[in-house]
Protein chains: 2
Amino acid sequence: MPAQRLFLDAGGRLPISPRTADALRAGLADGWADPRRLTTESRRARALVDGARGAIAEVLGVHHDNVHLTSSVPLGFERVIGGIYAARRGRTRIGVSAIERDLVLEAASFVSSGAVDTFEVDAEGHVDLDAVRAGASHPDTALVAVQHANHEIGTLQRLDEVAEITTTAAVPLVVDATASIGHVSAPEHWDALIADPADWGAPAGIGVVALRPRTRWLPHWPESSDPWAPGALSVPLALAAAVALQERMENLEAEARRQHDLVDRLRAGMARTVGVHLVGDAVERLPHLVTAAFLYLDGEPLVSRLDREGIAVGSGSACGKAAFEPSHVLAAMGALTHGNLRIGLHPGVTDQDVDRFLAVLPRVVEHVRDSMSA
Amino acid sequence: MPAQRLFLDAGGRLPISPRTADALRAGLADGWADPRRLTTESRRARALVDGARGAIAEVLGVHHDNVHLTSSVPLGFERVIGGIYAARRGRTRIGVSAIERDLVLEAASFVSSGAVDTFEVDAEGHVDLDAVRAGASHPDTALVAVQHANHEIGTLQRLDEVAEITTTAAVPLVVDATASIGHVSAPEHWDALIADPADWGAPAGIGVVALRPRTRWLPHWPESSDPWAPGALSVPLALAAAVALQERMENLEAEARRQHDLVDRLRAGMARTVGVHLVGDAVERLPHLVTAAFLYLDGEPLVSRLDREGIAVGSGSACGKAAFEPSHVLAAMGALTHGNLRIGLHPGVTDQDVDRFLAVLPRVVEHVRDSMSA
């Protein structure tokens, strides 16, 4: 008899809580009208969007005027990086850490026609501050992008130090917080920030952008109306995003401690498996993520075999691209780029679930190893 | 005691049917996972998206491989126009009808750096076929965009004739069907087509693009993965879009006849009001839309006063931009550009509702006229 499914792939998407599903339903009932029009129905929809922006702004520590809801997370990256670049006329280069998301790397390369400087990271994924300093002080640098936390390995960047460098150099700092908001406190120092509601338990299909009032930004795109949510926004998704975030924030610290401990157990348990290398900073990290690289194995059969055992985990570059392209994140850290598993916990995952995974893993690894040498 | 709200602003957004709301709920329960990954949860989400694409493709009369779901309608326009333009290297100009949506005009102007040729329309909104012929046969023309139906005035273009011209000239024809799919049969002749699920009764936040297999298209954008739905799609919205469309198609002809008759009554009733000009083709039109221009009046007080009477109608350019900018559609037809109301019927609107609107309208017009001359 198959055991109940165990979902350990919570990075970017996860099961929706009843409260968030209720918010979506309420948003559909009261927010179906176009928020840009003048009737009672539209005013009601607009009030829901404004409320959602306000709730998210509070978590990010900014005024709600400085928060924009976008029709997708990639659009948020594109608009932020493109708009800040456009406002920094004459400065042609963009500096990024080597382990930024594909979305950041691709937007930076597109916007700057390939004039991207990559800052190396150490074996735990921390960006080289000297490299950031050199990049930020280069007179051609339009902006610098360094993530808050990495979506594959969980390592938290030392953003205070990064921001001190970019502030001194008077270069805007774009912070990808798509893997961290809802899991740890929002970072304090940034000029532009992007967040992903689907990562904190809202339905996918909406993005969040925050810009400091001082951050210069120019539209660089056809739509004359709202550059962030052209064609206007899904009001139900906006409401669900805000409610899901509030639900997370109510219990942020206790849940982060609980998940941090579970990941410690996962790391310790997996470390006992032969040929496993645990990637990323064991301490300065997201509470809920861990990636392990398995020597001589491929990621795909590991994921598939675990799936047949009823356990969903991630692998490879966590999002976008074909699932099993070698991860540029792991390559930049000098880690194994094949044979890696990413485990992401959601609030429903228990001690027993972790034990179940750890009990199944050696058998799965052995099976995959046998089938590869067969 | 205020009467029940009457929603007559159904163009682009309308109340969600119970069946569509159920589909969204089911999509949330079974489609929260990332459709791009390899686990059971992701396969289930992917199956829902594939099913939704298939259902929509059937209505459009194409294979499901030729239908792409996009994370927003404007993104669909931008990708289609930009990608076809990119594939037609060396050809620099874009031809558009004068009454295309802002989204089309803005994307065309952005992509071609302003090299846009505008085809005039007659007093009923039909595009000048000689102008299309001249534009399509110009050696620099990369593509031509002519809408299926206009979202403000409802006029249906004679797309068979337009397509004959573009086919002869071997120029791709982009058809904006965002106001027509779900209301009348899909057009038969086009090279690329864009549709809007929110216009047929699905929750907003997703777009539909169809490309013929023969249509050459090049990506021109950073994302390396899926140019249509970067960061992947909202599966619940995809499912709701398909279910809402199926619901419409089951009853398409009877409902179109019913709404066509209601609009005939609206046109006849409004024509009796002094100083009213009915815009657009009275026969070759969408079944559910009518725009009336009121001499010497502004649109905003009319909408607001009707709203206070419990009736929601639209005005001005129907979507995007500030609500009360003069409409370029009406200007192109030589109609009054101020003081216009747009009425859009949804399936719940009855004969009695139309009577109620027609009974209230003269009083509202008189009130607004008095307050303006006061």
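Residues numbered from 1 in each chain as written. Chains lettered and ligands numbered in written order. Predicted model: local features only at pLDDT ≥ 70, side-chain atom pairs only at ≥ 80, totals over all residues. Heavy atoms only, no water.

1. What about the sheet that holds strand S2 (residues 67-70) of chain A?
Residues and elements named next belong to chain A.
Argument step 1. With mixed pairing, 7 strands are arranged side by side in an open sheet as S2-S8-S7-S6-S5-S3-S4. Looking at the sheet topology across the chains shown, the edges are occupied by S2 and strand S4 (116-119). Strand-to-strand twist across the sheet, computed as the mean angle between neighbouring axes with direction ignored, equals 20°.
Argument step 2. Bridging between strand S5 (residues 141-145) and strand S6 (residues 173-176) involves 2 bridges; their strand directions are parallel. When the bridges of S6 are listed, Val 144 appears paired with Leu 173. (Pairing = 2+ DSSP bridges. Helix = DSSP H or I, 4+ residues; strand = E, 2+ residues; numbered from the N terminus. Axes fitted to C-alpha atoms, helices over the stretch in contact; angles between N-to-C directions.)

2. Here's the deal with the confidence of the model for chain A
Argument step 1. Mean pLDDT over chain A stands at 92; residues scoring 70 or higher make up 95%.
Argument step 2. Here residues 318-323 of chain A is a poorly scored stretch, pLDDT under 50, and it has 20 contacts once near neighbours within four places are set aside; other chains count. (pLDDT = per-residue confidence, 0-100. Contact = heavy atoms within 4.5 Å.)

3. A short note on the nonpolar core
Argument step 1. The biggest cluster of nonpolar side chains holds 128 residues, and the ones touching the most others in it are A:Leu60 and B:Leu60.
Argument step 2. With near-sequence residues (within four places) excluded, B:Leu60 lies in contact with B:Val67, B:Ile181, B:Ala186, B:Trp190, B:Leu193, B:Val208 and B:Ala210. (Core = buried A, V, L, I, M, F, W, Y, C linked by side-chain atoms within 4.5 Å. Buried < 20%, exposed > 50% of the residue type's maximum accessible area, 1.4 Å probe, protein only.)

4. As for the packing of aromatic side chains
Argument step 1. Scanning the entire structure with this criterion turns up 2 aromatic pairs over all chains.
Argument step 2. Measuring from ring centre to ring centre gives 4.5 Å for A:Phe7 and B:Trp32, while their planes differ by 90°; the resulting arrangement is edge-to-face. Linking A:Phe7 in strand S1 (residues 6-7) with B:Trp32 in the loop between helix H1 (18-30) and helix H2 (40-60), this pair reaches from one chain into another.
Argument step 3. Sitting over the face of the ring of A:Trp190, A:Arg212 holds its NZ or CZ atom 3.7 Å from the ring centroid. (Phe/Tyr/Trp six-rings, centres within 6.5 Å; stacked < 30°, edge-to-face > 60°. Lys NZ or Arg CZ within 6 Å of the ring centre and 35° of its normal.)

5. Side note on a nonpolar patch on the surface
Argument step 1. Together, A:Leu295, A:Tyr296 and A:Leu336 give the surface a local cluster of nonpolar side chains, amounting to about 320 Å² of exposed area.
Argument step 2. Turning to its location among the elements, A:Leu295 is positioned in the loop between strand S10 (289-294) and helix H9 (299-308). (Patch = residues over 30% accessible without salt bridge, like charges linked within 9 Å, V, L, I, M, F, W, Y side chains within 5 Å. Areas by Shrake-Rupley, 256 points an atom, 1.4 Å probe, with all protein chains shown as cover. Salt bridge = Lys/Arg side-chain N within 4 Å of Asp/Glu carboxyl O.)

6. A few points about helix H3 (residues 73-87) of chain A
Argument step 1. In this model, H3(A) (15 residues) spans 21 Å end to end at C-alpha, consistent with the 21 Å of a helix rising 1.5 Å per residue.
Argument step 2. Sitting at the head of H3(A), A:Ser72 places a side-chain oxygen 3.1 Å from the backbone nitrogen of A:Leu75. (Expected span 1.5 Å × (residues − 1). Polar contact = N/O pair within 3.5 Å; in protein donor to acceptor, adjacent residues only side chain to side chain.)

7. A word on a negative patch on the surface
Residues and elements named next belong to chain A.
Argument step 1. A cluster of acidic residues, Glu 120, Asp 122, Glu 124 and Asp 128, forms a negative patch at the surface.
Argument step 2. On the secondary structure map, Asp 128 appears in the loop between S4 and helix H5 (129-137).
Argument step 3. With a relative accessible area of 34%, Asp 128 lands in the partly exposed category. (Lys, Arg positive; Asp, Glu negative; His and termini not counted. Charge placed at Lys NZ, Arg CZ, Asp CG, Glu CD.)

8. Quick word on the pattern of salt bridges
Argument step 1. This structure, assessed with the given rule, holds 38 salt bridges over all chains.
Argument step 2. Salt-bridge contacts for A:Arg19 lead to A:Glu250; the nearest nitrogen and oxygen are separated by 2.8 Å. Placement of A:Arg19 in helix H1 (residues 18-30) and of A:Glu250 in helix H7 (residues 235-250) is noted, with a sequence separation of 231 residues between them.
Argument step 3. The partner of B:Asp351 in a salt bridge is B:Arg265, with the nearest N and O atoms 3.2 Å apart. A residue pair is termed long-range when its members are at least 10 positions apart, and B:Asp351 in helix H11 (residues 351-373) and B:Arg265 in helix H8 (residues 252-271) qualify at 86 residues.
Argument step 4. In the salt-bridge network here, residues are joined through shared partners; they are A:Asp9, A:Arg342, B:Asp34, B:Arg36 and B:Arg37.

9. A closer look at the packing of H2(B) against helix H7 (residues 235-250) of chain B
Residue and element names in this part refer to chain B.
Argument step 1. Relative orientation of the contacting elements H2 and H7 amounts to 30°, with a least axis distance of 9 Å. As the angle between them shows, H2 and H7 are arranged roughly parallel. Both H2 and H7 take part in a crossing whose hand is left-handed. Of the residues in H7, those touching H2 at Ala 45, Leu 48, Val 49, Ala 52, Ala 55, Ile 56 and Val 59 are Val 235, Ala 238, Leu 239, Ala 241, Ala 242, Leu 245, Gln 246 and Met 249.
Argument step 2. In the contact of H2 with H7, the residues fall into 14 nonpolar, 1 polar and no charged. (Parallel < 35°, antiparallel > 145°, perpendicular 65-115°, else oblique. Left-handed = near helix turned anticlockwise from the far one by under 90°. Nonpolar A, V, L, I, M, F, W, Y, C, P; charged D, E, K, R; others polar.)

10. A short note on unusual backbone geometry
Residues and elements named next belong to chain B.
Argument step 1. You will see that Ala 170, though not glycine, has its phi angle at about 55°, which is positive.
Argument step 2. The residue Ala 170 is located in the loop between helix H6 (159-169) and strand S6 (173-176) in this model.
Argument step 3. On the basis of relative accessible area, Ala 170 is assigned to the exposed category, the value being 52%.
Argument step 4. Unlike most non-glycine residues, Tyr 296 shows phi in positive territory, near 70°.
Argument step 5. Relative accessible area serves as the criterion here: at 69%, Tyr 296 is assigned to the exposed category.

11. Comments concerning the pairing of S5(A)
Residues and elements named next belong to chain A.
Argument step 1. A large share of S5 lies buried, amounting to 5 of its 5 residues.
Argument step 2. The pairing of strand S3 (residues 93-97) with S5 spans 4 bridges and is parallel. For Gly 95, the partnering residue across the bridge sits in S5 and is Val 144.
Argument step 3. Of the crossover connections in this fold, the one passing from S5 over helix H6 (residues 159-169) to the parallel S6 is right-handed. (Right-handed = clockwise from strand over helix to strand, strands pointing away.)

12. So, H1(A)
Quick reminder: α-helices carry 3.6 residues per turn. Residues three or four places apart thus point the same way.
All names here are of chain A.
Argument step 1. Along its 13 residues, H1 runs 18 Å from first to last C-alpha, staying within 8% of the 18 Å computed at 1.5 Å per residue.
Argument step 2. Taken as a whole, H1 has its buried residues at Thr 20, Ala 21, Ala 23, Leu 24, Gly 27 and Leu 28. Looking straight down H1, one finds that the buried residues subtend no more than 155° of arc, so they occupy a single side. For H1, exposure combined with an orientation more than 90 degrees from the buried face picks out Pro 18 and Ala 29. (Arc of directions from axis to C-beta.)

13. Points about the side chain of B:Ser234
Argument step 1. Among the structural elements, B:Ser234 can be located in the loop between strand S8 (207-211) and H7.
Argument step 2. Note on B:Ser234: relative accessible area 6%, which makes it buried.
Argument step 3. Ignoring sequence-local partners within four residues, the contact set of B:Ser234 consists of A:Ala204, A:Gly205 and B:Ile206.

14. A short note on the domain arrangement of chain A
Residue and element names in this part refer to chain A.
Argument step 1. Assigned domains within chain A: domain 1 (6-15 + 252-373) and domain 2 (18-249).
Argument step 2. On a C-alpha basis, the centres of domain 1 and domain 2 stand 27 Å from each other.
Argument step 3. With 29 residues of domain 1 at the interface, the matching set in domain 2 holds 35 residues.
Argument step 4. Of the roughly 2600 Å² buried between domain 1 and domain 2, counting both surfaces, carbon and sulfur atoms make up 54%.
Argument step 5. Of all residues in domain 1, Leu 252, Leu 286 and Met 333 bury the most surface against domain 2, accounting for 25% of the area lost on that side.
Argument step 6. Taken together, the connections running from domain 1 to domain 2 amount to 1 salt bridge. (Domains from an automatic or database assignment. Buried area = accessible area lost by both parts, 1.4 Å probe.)

15. Focus: the environment of B:Ala210
Residue and element names in this part refer to chain B.
Argument step 1. Tracing the chain through its elements places Ala 210 in strand S8.
Argument step 2. As a C-alpha pair, Ala 210 and Val 80 span 130 residues in sequence and 9.1 Å in three-dimensional space.
Argument step 3. Sequence-distant contacts of Ala 210, that is, excluding residues within four places in its chain, are made with Leu 60, Asn 66, Val 67, Trp 190, Asp 191, Ala 192 and Leu 193.

16. Describing the sheet that holds strand S13 (residues 340-344) of chain B
Strand pairs in the sheet, formed through backbone hydrogen bonds, run parallel or antiparallel to each other.
All names here are of chain B.
Argument step 1. Strand order in this open sheet of 4 strands is S9-S10-S13-S12, and the pairing throughout is antiparallel. In the strand order of this sheet, the two ends are held by strand S9 (276-279) and strand S12 (314-315), each with one partner.
Argument step 2. Relative to strand S10 (residues 289-294), S9 runs antiparallel, the two sharing 4 bridges. Paired with Val 276 across the bridge in S10 is Phe 294.
Argument step 3. Sheet strands in contact with helix H9 (residues 299-308) are S10, S12 and S13, and its direction is about 45° off that of S13.

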